[in-house]
Amino acid sequence: MVTGHGNIKAYLYRFKITEAPNCPCGNDNQTAEHILLECTILKEDTERLLAAVAKADNWPINKEILIKNTTKHLQNSRNREIKSKKLNKI
Ligand SMILES: [Zn+2]
C-alpha cells in the first residue's frame, strides 16, 4: 500500500487484472493515496487511523502495528462494502 502496490484497483488495472481503476466511492482512480486520504467510503477508518497515529505516545509508530492496524481497517471496510453489495442485490 505504501509503495503504491497491493490489492488496489489502479495497480490491478495497470496489470489488466481488473477492468477499471475506479473506486466504489465514485472516484475514477483508486490509488493508495486515494484510499488512505480521500476515499469517502473509508472516511471513518481514515479518521480513526489518523487519530491513533496523532497520539503522542504512538509516534513514531511501530511499522508492524501500522501495517496491522491499516490492514484490519481495510479488511473491515472491504467486508462492509461486500455486505453492502449483497444487500443491494436483494
Ligand atoms: Zn474511494
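How each quantity is defined
Within any chain, residue numbers begin from 1 and follow the written order of that chain's sequence. With pLDDT at 70 or above as the cut-off, local features in this predicted model cover only qualifying residues; side-chain atom pairs require 80 or more to be listed or tallied, and sums for whole chains, interfaces and linings still use all residues. Per the convention used, a helix needs a DSSP run of H or I reaching at least four residues, while a strand needs a run of E reaching at least two, with both numbered from the N terminus. Buried, partly exposed and exposed are defined by the number of other C-beta atoms within 10 Å of a residue's own C-beta, namely 20 or more, between the two limits, and 12 or fewer respectively, with C-beta atoms placed from the backbone. Here the contact rule is simple: place C-beta atoms from the backbone, and any two residues whose C-beta atoms are within 7 Å are in contact.

Q: Even after reading the chapter, I still don't get the overall build of the protein, so can you show me in this structure?
A: Check the secondary structure of the protein and you find four helices and zero strands. Going from N to C terminus, the protein has its helices and strands arranged as α-α-α-α. Scored against the burial criterion, the 90 residues of the protein give a buried share of 10%. Nonlocal contacts in the protein, meaning residues at least 24 apart in sequence, comprise 30% of its contacts between residues at least 6 apart.

Q: Is there a simple way to think about unusual backbone geometry in this case?
A: The phi torsion of most residues other than glycine is negative, and most of the peptide bonds are trans. Notably, Lys-16 is not glycine yet its phi reads approximately 55°, a positive angle. Here Lys-16 lies in the loop between α1 (9-14) and α2 (32-38).

Q: I'm lost on the environment of Pro-24 in this one. Help?
A: Its location among the elements puts Pro-24 in the loop between α1 and α2. The exposure class assigned to Pro-24 is partly exposed, which follows from the 15 C-beta atoms found within 10 Å. Considered as a pair, Pro-24 and Thr-40 are 16 residues apart in the sequence and their alpha carbons are 9.5 Å apart.

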